[in-house]
Structures are given as C-alpha cells and as structure tokens.
Amino acid sequence: MSNYLITGSGVLATAIKNKTGGVLYSRSNADIIGSIENSCKLNSVFEKIKPDVVIHTAAIASITQCQNNKREAIQTNVLGSLNVLNACKKYKAKPIFLSSVAANNPSGIYGASKLLMELMGDAVYCRLGTVLSKKSIIYKWYEQIQNGEILKISDFSCVRYLITLEEATKSIIDCKSKPNGVYTPRMYAFSIKDIISVLEILTEKKAIYTICGLSPGEKLKDCKETSNSLLLLDKIRTICQPL
C-alpha cells in the first residue's frame, strides 16, 4: 500500500487524505504544520514520512489574492511548488500536482503561476475547474438565494468548468498510474446564467443579484461550449439539497 503525503489542508486535500490515509502538511489544520516555502522543513518531513506518492494541492488559489499579491503568489505557487518537486526527486516519490484550467492561456497571475508550475515538468499535473463543495462559491450562492441576500455576479456569460468533489478526488488519486505530463479529467462547462437558474430551481426562490464585472485576472470563459443544464442540476445537487 502506498504511503501518501498531501500538501495543503483545503476541502480537496482533506478528501484525498480520507481516501488514502495520507499525511497532511500545511500551514494550518494539518497533521504536520509547515510551509512548502520552507525547503528545510519540507525535506525533514519527507525524511520522516518517506512518501511513495506526494499530492501537492497547497497554493494561493484565489484569483483576487494572487492578482493583489503577485510576489507572494509566485513565491508560493511557483517556488514553493519547486521545493516540493525537488524533494520528490530527492526522496524518489511520485509527484502529483494540482493545477487549474486557468493555466490554459492565462489572463492573470493565478493562471500564470499555475502554468509556470506546469512548465517545471517531471510530475503529473492535474488541471481542474471549480470543485463543487460546501466551500465553493456555488454553495455560497445557494445559501444567499435561500436567505434572500444579494449575490455579486461578475458576468452572466461567464463559462466555468465544474467537477464534483468525489470526481476531483478520484481524478487526482488516479494520476498515480499516469506518466508525467499535463492531464485534464473530463469536466462539463456551464454558464453562470445556467448555474443561477439551477440554484433558483433548488431553492424555489428568485435570485437577487448585482453585476459587478470581471475581477482583474479573471477569465470570461474557460471554454466556448456549454453542457446540458440537466447535467448541471445533477452535479449541483451533490452539495445543494432543497431545504
């Protein structure tokens, strides 16, 4: 049985830990507290854990935070990732790195940092879109509609790839058997307009919203084509059940 080390402590990292029995390494809420930017600490953890597989999810994942803190975004998402990769090479662990669809023709610092990470090579890079969980913006919108609060929408024509937490977890763990390179699991794309419509169906309430425009570094569309809205309903139901 493989020994897993997982960087990060978010929803996805926790789901991977629950599936693999791995050890979480992160700044907070982890089995071992530390930063991927601290190469000495990172190497000591590798020496102690002796992982066969390393799943690297730690990152500054907010587009706005990356755009407003460019130096920190590069420090964590690129140089920190390089520390993880170097440790994997030194201790002969299989490296699986969480990337993003934002790395495809990036329009901001977040996507650019993920692309730079991918260009390091020597690992499996798994590109994901928005992961559906109770920590996602879509669940926040669900609660806001339910409570009659005002949603802040960038643009109804935005198109985003969605993937359930279960699908994302499986896709990343399955990368263990894949050769090094960039891998994009099957995902479906939906417009913000369709997402809001489905949330209105689930809550049986009309959304109140304001259009605030794209944030700096935010891409309008992850892709050109969208998927069937019935499929969207099934996916959002995994986190949003009618109250």
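The model shown is predicted, which means the values in this text are computed figures rather than measured ones.

*Asks:* Tell me what's going on with the environment of Leu151, and back it up with residues and numbers.
*Replies:* Considering the arrangement of structural elements, one finds Leu151 in strand E8 (residues 150-153). Of the residues examined, Leu151 reaches a relative accessible area of 0% and is grouped as buried. The spacing of Leu151 and Leu230 is 79 residues in sequence and 23 Å in space, taken between C-alpha atoms. Residues in contact with Leu151, not counting those within four places in the same chain, are Trp141, Gln144, Ile145, Ile196, Ile208, Tyr209 and Thr210.

*Asks:* Could you give an account of the pattern of salt bridges, with specific residues and numbers?
*Replies:* Taken as a whole, this structure holds 10 salt bridges when the rule is applied. Between Glu47 and Lys50 there is a salt bridge, with its nearest N and O atoms 3.7 Å apart. The exposure class assigned to Glu47 is partly exposed, which follows from its relative accessible area of 42%. As a salt-bridge pair, Glu218 and Arg160 come within 3.2 Å of each other at their nearest N and O atoms. Of this pair, Glu218 sits in the loop between strand E12 (208-211) and helix H9 (229-236) while Arg160 sits in strand E9 (residues 159-164), placing them 58 residues apart in sequence. Each member of the salt-bridge network shares a partner with another, and the members are Arg160, Glu218 and Asp222.

*Asks:* Describe unusual backbone geometry, and please don't skip the residues or the numbers.
*Replies:* Non-glycine residue Lys92 carries a positive phi angle of around 55 degrees. For Lys92, the position within the fold is in the loop between helix H4 (70-91) and strand E5 (94-100). Here the phi dihedral of Glu204 falls at roughly 60 degrees; this positive angle occurs in a residue that is not glycine. As for its placement among the helices and strands, Glu204 is situated in the loop between helix H8 (192-203) and E12.

*Asks:* Just give me the short version of the nonpolar core, but keep the residues and values in it.
*Replies:* Membership of the largest hydrophobic core comes to 23 residues, with the highest contact counts inside it found for Ile138, Trp141, Ile195, Ile196, Leu199, Ile236 and Cys240. If you list the elements that add at least two residues to this core, you get helix H6 (137-146), E8, H8 and H9. The element contributing the most residues to this core is H8, with 6 residues. Beyond its immediate sequence surroundings of up to four residues, Cys240 is in contact with Tyr139, Tyr142, Leu199 and Leu202. Leu5, Ile36, Met120 and Tyr125 belong to the second largest nonpolar core, which has 21 residues in total.

*Asks:* An account of the sheet that holds strand E11 (residues 188-191) is requested, with residue identities and associated values reported.
*Replies:* Pairing is mixed across the open sheet formed by 3 strands, whose spatial order is E7-E9-E11. The sheet is open, and its two edges are formed by strand E7 (130-132) and E11, each paired on a single side. Pairwise comparison of adjacent strand axes, ignoring direction, gives a mean angle of 45 degrees for this sheet. Note that E7 and E9 share 3 bridges and pair parallel. By the bridge assignment, Val131 is partnered in E9 with Ile163. Packed on one face of the sheet, H8 meets E9 and E11 and runs near 85 degrees to E11.

*Asks:* Which residues make up the packing of aromatic side chains, and what are the values?
*Replies:* Summed over the entire model, instances satisfying the criterion amount to 4 aromatic pairs. Measuring from ring centre to ring centre gives 5.7 Å for Phe46 and Tyr91, while their planes differ by 35 degrees; the resulting arrangement is tilted. Of the two residues, Phe46 sits in helix H2 (residues 39-49) while Tyr91 sits in helix H4, which places them 45 residues apart along the sequence. Residue class for Phe46 comes out buried when judged on its relative accessible area of 0%. Given a relative accessible area of 22%, Tyr91 falls into the partly exposed group. When the ring of Phe97 is compared with that of Tyr125, the centres are 5.5 Å apart and the planes differ by 75 degrees; the resulting orientation is edge-to-face. Taken together, the positions of Phe97 in strand E5 and Tyr125 in strand E6 (residues 124-128) put the pair 28 residues apart, joining distant regions of the chain.

Cut-offs applied
- Sequence order as written defines the numbering, with residues in each chain counted from 1.
- Totals for whole chains, interfaces and linings use every residue, but because this is a predicted model, local features are given only for residues with pLDDT of at least 70 and side-chain atom pairs only at 80 or more, for both listing and counting.
- With hydrogens and water excluded, all non-hydrogen atoms of the structure serve as input to the side-chain values.
- Comment: elements are numbered from the N terminus, with helices defined as DSSP H or I runs of at least four residues and strands as E runs of at least two.
- The classification of residues rests on relative accessible area computed with a 1.4 Å probe and restricted to protein chains. Under 20% of the type maximum is buried, over 50% is exposed, and intermediate values are partly exposed.
- Note on contacts: a residue pair is in contact if any heavy atoms of the two residues lie within 4.5 Å.
- By salt bridge we mean one thing: a side-chain nitrogen of Lys or Arg within 4 Å of a carboxyl oxygen of Asp or Glu.
- For this analysis, a nonpolar core means a set of buried residues of the types Ala, Val, Leu, Ile, Met, Phe, Trp, Tyr and Cys, connected via side-chain atoms within 4.5 Å.
- Here a strand pair is declared whenever DSSP counts at least two bridges between the two strands.
- Axis geometry follows a simple rule: fit a line to the C-alpha atoms, using only the stretch in contact for helices, then measure angles between N-to-C directions, giving values from 0 to 180 degrees.
- Planes of paired rings set the category: under 30 degrees apart is stacked, over 60 is edge-to-face and the rest tilted, where pairs are Phe, Tyr or Trp rings (Trp by its six-membered ring) whose centres lie within 6.5 Å.

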